[in-house]
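Residue-level structure breakdown
Residue strings, one per chain:
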Amino acid sequence: MSEIRDLLRRTAEIAADYVESLDERPVFPPTTPEALRQALDGPLPEEPVEADEVVSELVAGAEPGVVALGSGRYFGFVIGGGLPAALAADWLTSTWDQNAGIYPIGPSASVVEQVAREWLVELLGLPGEASVGFVTGTQLAHVTGLAAARWHVLDDVGWDVGRDGLTGSPPIRLLVGEQRHVTVDRALRLLGLGAPTTVAADEQGRMRADALAEELERASAPTIVCAQAGDVNTGAFDPLPEIADACESARAWLHVDGAFGIWAAVSPRFRHLVAGIERADSWTTDAHKWLQVPYDSGLVFCAHPESHRNAMTVTASYLIQDEGSRGVRDAVDWVPEFSRRARGFAVYAALRSLGRSGLTQLVERCCDAAARFAERIVAIEGAEVINEVVLNQVLFRFESDERTDDILARVQAAGRVWFGGTSWDGRKAIRVSVSNWHTGDEEVDLAVEEFRAYAGQVPAR
Ligand SMILES: *Cc1c(COP(=O)(O)O)cnc(C)c1O
């Protein structure tokens, strides 16, 4: 057997052992930064080390600090997990090691993005001609979508931001919901647009459409509105039909953060939450959350391919780019990256592996598990669910901030399940996100029992 074959075989065994251990291992590893540092530290290696040794030492040093994010018992943040087909496709992505920037250095990488684009716009109910960019996550998807927005709204008033920049440009009005995700603010900052004006939200975190309409009526200026489909805490959806109406009358660009919530579109039971979303101008989502693609993988869609392309494209004398004549896709035209990983393969594999029905079931199973959790957790004395559970997110707390923190810390330390904390409406709360394809009744019931056990140890005060 050749050396590389031997190495890859053994690495595949290590990977399979890890994946198989996900059901048993602590969700958060019992480690410290010092211990990890000690295991991984050392002087800069002067001499080469055998690949085999590098890998086994990496495993020995790093695995103790790996969080079992792929486990069905992980309820923190909004994470997702690697579907087998997507994980395998991701390995092949590294193996083939294509440069997916332009067609000539990754023909299949380019075509797979075109096919996945068609599947995705159909699944998510977006306009058929919407353009797509495959980026690292929703953060960069916001940068891309909002760059297209910036280009478009300034072009509308006769300003070429690509040529003339922002110095001296007509000001752009930016309106965002009070509870938008922080990545929206950073995207605007990176684009030189500064801090947005916030529009009031209701108690679930939904932008108030009447407040938006009022704000829009104040002046007419090039305007970008950022709405949200799926609040990271409550899972709430901004009222998209009313927001789309207001944006239409004001000729404002509507950008929607659908990092996880946009996937409600695949379920007849939850589709009503995203009604009207197809009327937006740009959309962002993650494949590494609900679609169960390994990190990192985000998507941006734009209803104005020309503006999207104008905001992103680059050319150089040595690049071989298609001007659209052969219908060939060059990713440099659609994302802020140049050389890049062929992220489309894993997205394609996840979609192919689940199919429309598998994806619908996955989304519904997660939402059902969240509803089950919400229903059962309130049977514990002092526990209170504080959001309307509309999707896969639950927010709950105990009577006081102290008791909430204390119980959560004990549950986290025990390592059987993992939840993160947050604050909502000025009080401490515990976040529950069901976004892993493994999570079902068993995991939910285990989680509720963990809270029951530790709540019993912490007297109400
Ligand atoms: C996760 C999330 C983001 C950020 O996405 P990344 O993939 O981490 O860049 C933005 N908005 C919402 C609503 C999210 O849930």
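Preceding this section is the structure that the text describes.
The text that follows walks through the structure, step by step, so that each part is easy to find. (Residues numbered from 1 in each chain as written. Predicted model: local features only at pLDDT ≥ 70, side-chain atom pairs only at ≥ 80, totals over all residues. Heavy atoms only, no water.)

1. Overview of the overall build of the protein chain
Under the convention used in this document: Strands here mean DSSP runs of E at least two residues long; helices mean DSSP runs of H or I at least four residues long; both are numbered from the N terminus. The size measure is the radius of gyration over C-alpha atoms, and the globule rule it meets is 2.2 Å times the number of residues to the 0.38 power. Classification of residues uses two cut-offs on accessible area relative to the type maximum, computed with a 1.4 Å probe and protein chains only: under 20% is buried, over 50% is exposed, and between them is partly exposed. A contact between two residues is defined here by any heavy atoms of the two lying within 4.5 Å. Residue-level accessible areas treat just the shown protein chains as cover; the underlying method is Shrake-Rupley with a 1.4 Å probe.
Across its full length, the protein chain holds 14 helices and eleven strands. Taken over the C-alpha trace, the protein chain has a radius of gyration of 23 Å; the compact-globule value for 461 residues is 23 Å, and the two agree within 12%. With the C-alpha coordinates aligned to their principal axes, the bounding extent of the protein chain is approximately 65 × 65 × 45 Å. Considering the protein chain as a whole, with its 461 residues, one finds that 51% of them fall into the buried category. Taking contacts inside the protein chain between residues at least 6 apart in sequence as the whole, the part at least 24 apart equals 72%. When the accessible surface of the protein chain is split by element, carbon and sulfur atoms take 52% of a total near 20,900 Å².

2. Topic: the nonpolar core
Formally: In this description, a nonpolar core means a group of buried Ala, Val, Leu, Ile, Met, Phe, Trp, Tyr and Cys residues linked to one another through side-chain atoms lying within 4.5 Å. Delimitation of the domains relies on an automatic or database domain assignment.
Grouped together as the largest cluster of nonpolar side chains are 89 residues, with contacts concentrated most on Val-225, Trp-263, Trp-283, Leu-291, Phe-373, Phe-419 and Phe-451. Counting residues domain by domain, this core receives three or more from each of domain 2 (88-350) and domain 3 (361-455). Residue contacts for Trp-263: discarding those within four places in its chain leaves Leu-120, Leu-124, Thr-285, Asp-286, Trp-290, Leu-291, Leu-359 and Val-363. Core analysis: the second largest hydrophobic core is formed by 22 residues, Val-161, Leu-174, Val-176 and Ala-187 among them.

3. Considering a negative patch on the surface
Filter applied, for reference: A patch is a set of surface residues, each over 30% in relative accessible area and not in a salt bridge, joined within 9 Å for like charges and within 5 Å for the nonpolar side chains Val, Leu, Ile, Met, Phe, Trp and Tyr. Salt bridges are identified by distance alone: a Lys or Arg side-chain nitrogen within 4 Å of an Asp or Glu carboxyl oxygen. When charges are counted, Lys and Arg contribute as positive and Asp and Glu as negative, whereas His and the chain ends are disregarded. The atoms used to mark charge sites are NZ of Lys, CZ of Arg, CG of Asp and CD of Glu.
On the surface, a cluster of negative charge is contributed by Glu-3, Glu-50, Glu-53 and Glu-57. Following the sequence through the fold, Glu-53 ends up in helix H3 (residues 51-62).

4. Digging into the site of the ligand
Rule in force here: We call a residue near a given molecule or strand whenever any one of its heavy atoms falls within 4 Å of it. Pairing of N or O atoms within 3.5 Å defines a polar contact, subject to two protein rules: one partner must be a possible hydrogen donor and the other a possible acceptor, and residues neighboring in sequence count only if both atoms are side-chain atoms. For this scheme, ten residues count as nonpolar: Ala, Val, Leu, Ile, Met, Phe, Trp, Tyr, Cys and Pro. Four count as charged, namely Asp, Glu, Lys and Arg, and the remainder, Gly too, count as polar.
With respect to spatial proximity, 13 residues lie near the ligand, and among them Gln-139, Asp-257, Asp-286, His-288 and Lys-289 are the closest. Within the contact set of the ligand, a nitrogen atom lies 2.7 Å away from a side-chain nitrogen or oxygen of Asp-257. Within the contact set of the ligand, an oxygen atom lies 2.8 Å away from a side-chain nitrogen or oxygen of Asp-286. In the complex, 85% of the free accessible area of the ligand, which totals 380 Å², lies under the protein chains. Among the residues forming the shell around the ligand, the class breakdown is three nonpolar, seven polar and three charged.

5. A short note on the packing of helix H1 (residues 3-21) against H3
Angle between the axes and distance between the axes: these two values describe a pair of packed helices. The following threshold applies: To obtain an axis, a line is fitted to C-alpha atoms, over the contacting stretch when the element is a helix, and the angle between two such axes runs from 0 to 180 degrees between their N-to-C directions. Under this scheme an angle from 65 to 115 degrees is roughly perpendicular, one under 35 degrees roughly parallel, and one over 145 degrees roughly antiparallel; angles in between are oblique.
Where H1 contacts H3, the two axes come as close as 10 Å, and the packing angle between them is 10 degrees. Considering the angle they form, H1 stands roughly parallel to H3. Mapping the contact onto sequence places Leu-7, Arg-10, Thr-11 and Ile-14 in H1 and Ala-51, Asp-52, Val-55 and Val-59 in H3. For the contact of H1 with H3, the per-class residue count stands at five nonpolar, one polar and two charged.

6. Remarks on the pattern of salt bridges
A complete count under the given rule lists 34 salt bridges for this structure. Its salt-bridge partner being Glu-364, residue Arg-269 comes within 3.8 Å of it at the nearest N-O pair. You can see Arg-269 sitting in the loop between strand E5 (253-257) and strand E6 (282-286) and its partner Glu-364 sitting in helix H12 (residues 344-377), a full 95 residues away along the chain. Salt bridges sharing common partners tie together Glu-113, Asp-296, Arg-329, Glu-337, Arg-340 and Arg-343.

7. Focus on the sheet that holds E6
Our working rule: A strand pair is defined by DSSP finding two or more bridges across the two strands.
Overall, mixed pairing links the seven strands, which are arranged E1-E7-E6-E5-E4-E2-E3 in an open sheet. Edge positions in the open sheet fall to strand E1 (131-135) and strand E3 (197-199), since each of these has one partner strand only. Going from strand to strand, the sheet's axes swing by 20 degrees on average, the running direction of each strand aside. Of the strand pairs in this sheet, strand E4 (residues 223-228) and E5 are connected by five bridges, and their pairing is parallel. The residue of E5 that forms the bridge with Ala-227 is Val-256.

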